[in-house]
Amino acid sequence: LQITILRELLTVFSGNELDIGITLSLWLISVGAGSFTGSKINPKLKLRSAFALSFVAVAFLSVPTLLCIKLIRPMLGVEYGEVVSLSATFISTLLVIFPLCFCLGLQFPLAVSYMGGKSPAGKVYGLEAIGAFAGGVVFTFLLSGRVETSSIVLPLCVLSILLSAYIVGRKAVIAALVIPFLFYFIFKGTGPAIWKSSEAGGLVKSVQSRYGEIWVTKLKGQFNVYSAGQFLFSYPNVQAEELKAHLTISAIRRLKTFSSSEALRAS
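Let us look at the structure shown here. (Residues numbered from 1 in each chain as written. Predicted model: local features only at pLDDT ≥ 70, side-chain atom pairs only at ≥ 80, totals over all residues. Heavy atoms only, no water.)

1. Considering the pairing of strand 2 (residues 212–219)
Then, number 1: As paired elements, strand 1 (residues 202–209) and strand 2 share 7 bridges and run antiparallel to each other. Among the inter-strand pairings, S209 is bridged to a residue of strand 2, identified as G212.
Then, number 2: The turn joining strand 1 and strand 2, which pair antiparallel and follow one another in sequence, is formed by 2 residues.
Then, number 3: Direction of pairing for strand 2 relative to strand 3 (residues 222–227): antiparallel, over a ladder of 6 bridges. Bridged to I214 within strand 3 is S227.
Then, number 4: A loop of 2 residues connects strand 2 with strand 3, the two strands running antiparallel in sequence, and K220 in this loop sits at a positive phi of about 55 degrees. (Pairing = 2+ DSSP bridges. Helix = DSSP H or I, 4+ residues; strand = E, 2+ residues; numbered from the N terminus.)

2. Let's talk about helix 6 (residues 120–143)
Then, number 1: Given a rise of 1.5 Å per residue, 24 residues ought to cover 34 Å, and the 32 Å separating the end C-alpha atoms of helix 6 matches this to within 8%.
Then, number 2: Taken together, the buried positions of helix 6 are occupied by P120, V124, G136 and F139.
Then, number 3: Along its buried surface, helix 6 packs onto helix 1 (2–12), helix 5 (86–115) and helix 7 (149–168).
Then, number 4: Among the residues trailing helix 6, G145 stands out with phi positive, at a value near 80 degrees. (Expected span 1.5 Å × (residues − 1). Buried < 20%, exposed > 50% of the residue type's maximum accessible area, 1.4 Å probe, protein only. Contact = heavy atoms within 4.5 Å.)

Right, here's the structure in full:
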């Protein structure tokens, strides 16, 4: 989930080194704020219910977070291929990721209290590290470039709600699965609508690669290709193609002239 959200943000903000630093720092600050708040929760409260509720919150916020990331450029009035200003990058990134990251931060102290026993913090940290490693391996070698973003996040939402039902011991929590699926279908229908309202043209195709999402749009008979939010090239591009053709033809003519002179010398 973390890798997916970060990749989407890098796509919106063109993925330069400055944006990577901004995104990671705001992510850590937001998670830290959640952990600090979670550590202040009264241990006498129903920690089992609070821990289970944190999984439901993550499930409810994951797909809307992706949707808000997709809407950053249209809301700011910035077209694809343009660079978002520094202040807008800070503010929009913080507003979009803070609710989800805050809930993720809450989970660690709640998990420590839920585990109890001897050295619960060490156990929770160890399990979290194992999960992070396993998630990174699965994403890098199995999912990256093969599965689209929404199809990765939806199963994670389902898993979170099932874990919540298991922790609290109530099957009625499973009914909450309706919400992530509803958000999923809203997200699927939003992408083409965003491109249709953009000056970059309507979305023809969107595919995942290992290094980011690739979009192909069409505007007045011209196809435009974007990768990770950055404009790559257009086709047909008469002006650029004419330049390439002139260089090629000039090289061929020079080659023919050279060959003719060599033939005359030989004769």
